[in-house]
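Structure at a glance
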Amino acid sequence: RAWVSIPNPNGLPLIATATSDKTVRVYSLRNFTLHSMLEGGHSRSVRSVAWQPAVKNTGTLCLATGSFDATMGIWRRREERFADNEDSDNDDDWEFAIVLEGHDSEVKNVAYSPSGQWLASCSRDKSIWIWEEIGDEGDDEFETVAVLQEHTADVKCVSWRKDDGNGEILASGSYDDTIRFFKGDDEGEWSCISTLEGHAGTVWSLDWEPEVSQKQIPRLLSSSADCTIRVWSKTWECTATLPTAHDLPIYSVSWGKKTGRVVSTGGDGKIVIYEERTKGRTSVGGAIEREWVIVGVLAGGHGPYEINHVTWCTRFDSGKTADGEEMIVTTGDDGVVRAWAL
């Protein structure tokens, strides 16, 4: 199986795929070929992968991996080696730098905060761990700054909201059907600041609204085993439920940074695209009403197989028509990663 495919957030034409054969494959987005492979760090499936944001000029690419073996891995590669030989597959350039242990069961998701300061992991053991790299460059030393145990069942996903002046916020989704928000205070203590209830099934995926469609504080998007996708406002109320299109659990949603469109996929193998449109005004001088509509549905995106993950991704290949153009990348139980043009 291929579980997730995560584009590099720093403008490099790379995408990393976590797989059930205990490896991570990094592909070039210029020509869709295998660039390199990370292997030998985990004893079971790699379920999740996250790129560290380039917030420091270290000259090093960094990937965090989360595995069913209950551990996390930190992998590093000198960036100049990539620049010199972008599309070659030299696996020796990746170093398995350190293993992070602490979870009692499968690690389901890992995510770096936008600032790069924090690394979050969540697990079947119902906990969320927050890590901080404390060593100097090259030391590879991490500290556990928080173990959060507010969820009452498996934690499926974690997603960071960037600092809006009040600190970075971590959102989590769980098998207990809730979404929770966590935040650290001035003393470095982390706590749950809000719980969102409304889904009638496991919350599988979360994504924050991109700047292209923001009016104020970014909204949160969630998908669930209840076959719904919900939008949550700055007051943490559900302000919209997207039109129904799926008839099996929705494993993944992604909010496009270029167009503001949303794409979803899941157990039914469908790929569905939604768009928020202006409907009108509630009254003279009143608020503008908006509605979500379905603009495209593709059935059987990976044949009869479930699609585990979907993401909007910048195009770097020769077929792109404009800078910043987005495509859709899906990752499936058939072990295949597919790139789609809309």
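Note that the structure is a prediction, hence the values are computed from the model and not measured.

A short note on the overall build of the protein chain
Counting its secondary structure elements, the protein chain contains one helix and 28 strands. Against the compact-globule benchmark of 20 Å for 342 residues, the protein chain has a radius of gyration of 19 Å, which places it among compact chains. On the principal axes, the C-alpha backbone points of the protein chain span a range of 60 × 50 × 35 Å. For the protein chain, the exposed area adds up to about 15000 Å²; of that, 43% sits on carbon and sulfur atoms. Between the centroid of the 34 positive side chains of the protein chain and the centroid of its 55 negative side chains there is a distance of 7 Å.

Re the pairing of strand β28 (residues 337-340)
As defined by bridge partners, strand β27 (residues 326-332) adjoins β28 across four bridges and the pair is classed as antiparallel. Residue pairing in the sheet places threonine 330 in a bridge with arginine 338 of β28. Between the antiparallel neighbours β27 and β28 lie four residues, among them glycine 335 with a positive phi of about 75 degrees.

Some details on the sheet that holds strand β12 (residues 142-148)
Within a sheet, neighbouring strands are paired by backbone hydrogen bonds and run either parallel or antiparallel to one another. If you trace the four strands from one edge of the open sheet to the other, you get β9-β10-β11-β12, paired in antiparallel fashion. Whereas interior strands pair on both sides, the edge strands pair on one side only; in this sheet they are β9 (107-112) and β12. Shown here is a sheet whose adjacent strand axes are inclined to one another by a mean of 20 degrees, direction ignored. Across five bridges, β9 lies against strand β10 (residues 118-123) in antiparallel orientation. Along β10, the bridge assignment pairs tyrosine 112 with leucine 119.

As for a negative patch on the surface
A cluster of acidic residues, Asp185, Asp186, Glu187 and Glu189, forms a negative patch on the protein surface. Mapping aspartate 186 onto the fold places it in the loop between β15 (179-184) and β16 (190-196).

Things to note about the packing of aromatic side chains
Throughout the structure, instances matching the rule amount to 11 aromatic pairs. Plain terms: the ring middles of tryptophan 208 and tryptophan 236 are 6.1 Å apart, the flat faces sit at 75 degrees to each other, and that makes the pair edge-to-face. A residue pair is termed long-range when its members are at least 10 positions apart, and tryptophan 208 in strand β17 (residues 203-208) and tryptophan 236 in the loop between β19 (229-232) and β20 (238-241) qualify at 28 residues. No difference in accessibility class separates tryptophan 208 from tryptophan 236, as the two residues are buried. Counting every residue linked through ring pairs, the aromatic cluster contains Trp118, Trp160 and Trp190. The residue whose ring lies beneath arginine 161 is tryptophan 208, and the NZ or CZ to ring-centre distance is 5.8 Å.

Observations concerning the UniProt feature "repeat: WD" (unreviewed entry) in the protein chain
Taking the UniProt record as the reference, the feature "repeat: WD" (unreviewed entry) is found at residues 100-132, 148-183 and 196-233. The distance separating the terminal C-alpha atoms of residues 100-132 is 11 Å; by composition the span is 0% helix and 55% strand. As a span, residues 196-233 carries 0% helix and 42% strand, and end to end its C-alpha atoms are 11 Å apart.

Focus on the sheet that holds β27
Read from one edge of the open sheet, three strands run β26-β27-β28, paired in antiparallel fashion. Among the strands making up the open sheet, the edge pair consists of β26 (307-314) and β28. Recorded for the sheet is a direction-independent mean angle of 20 degrees between the axes of neighbouring strands.

Let's talk about the pattern of salt bridges
Taken as a whole and assessed by the stated rule, the structure comprises 17 salt bridges. The salt bridge partner of aspartate 93 is arginine 77, with a shortest N-O separation of 3.4 Å. Residue aspartate 93 is found in the loop between α1 (79-84) and β8 (95-100), and its partner arginine 77 is found in strand β7 (residues 72-78); the two are separated by 16 residues along the sequence. You'll find aspartate 93 and arginine 77 in the same group, each marked buried. A single salt-bridge network, built from bridges that share partners, covers Arg44, Glu106 and Arg124.

Remarks on the domain arrangement of the protein chain
The domains assigned to the protein chain are domain 1 (1-81 + 89-197) and domain 2 (234-341). The straight-line distance from the C-alpha centre of domain 1 to that of domain 2 is 23 Å. Contacts between the two partners involve 19 residues from domain 1 and, on the opposite side, 19 residues from domain 2. Across the domain 1 to domain 2 interface the summed buried area is about 1500 Å²; carbon plus sulfur atoms make up 70%. Sorting the residues of domain 1 by area buried against domain 2 places Ala2, Ser5 and Leu29 first, and these three jointly supply 29% of that buried surface. Our count for the domain 1 to domain 2 interface comes out at one salt bridge. One salt bridge in this structure joins aspartate 333 and arginine 1, with 3.5 Å as the shortest N-O distance.

A short note on the environment of glutamate 132
Inspection of the secondary structure puts glutamate 132 in strand β11 (residues 128-133). In sequence terms glutamate 132 and glutamine 117 are 15 residues apart; their C-alpha atoms lie 6.2 Å from each other. A distance of 3.1 Å separates a polar atom in the side chain of glutamate 132 from a polar atom in the side chain of glutamine 117.

How each quantity is defined
Residues numbered from 1 in each chain as written. Predicted model: local features only at pLDDT ≥ 70, side-chain atom pairs only at ≥ 80, totals over all residues. Heavy atoms only, no water. Helix = DSSP H or I, 4+ residues; strand = E, 2+ residues; numbered from the N terminus. Rg over C-alpha atoms; globule rule 2.2 N^0.38 Å. Areas by Shrake-Rupley, 256 points an atom, 1.4 Å probe, with all protein chains shown as cover. Lys, Arg positive; Asp, Glu negative; His and termini not counted. Charge placed at Lys NZ, Arg CZ, Asp CG, Glu CD. Pairing = 2+ DSSP bridges. Axes fitted to C-alpha atoms, helices over the stretch in contact; angles between N-to-C directions. Patch = residues over 30% accessible without salt bridge, like charges linked within 9 Å, V, L, I, M, F, W, Y side chains within 5 Å. Salt bridge = Lys/Arg side-chain N within 4 Å of Asp/Glu carboxyl O. Phe/Tyr/Trp six-rings, centres within 6.5 Å; stacked < 30°, edge-to-face > 60°. Buried < 20%, exposed > 50% of the residue type's maximum accessible area, 1.4 Å probe, protein only. Lys NZ or Arg CZ within 6 Å of the ring centre and 35° of its normal. UniProt positions renumbered as here; feature names shortened; annotations may be inferred. Domains from an automatic or database assignment. Contact = heavy atoms within 4.5 Å. Buried area = accessible area lost by both parts, 1.4 Å probe. Polar contact = N/O pair within 3.5 Å; in protein donor to acceptor, adjacent residues only side chain to side chain.

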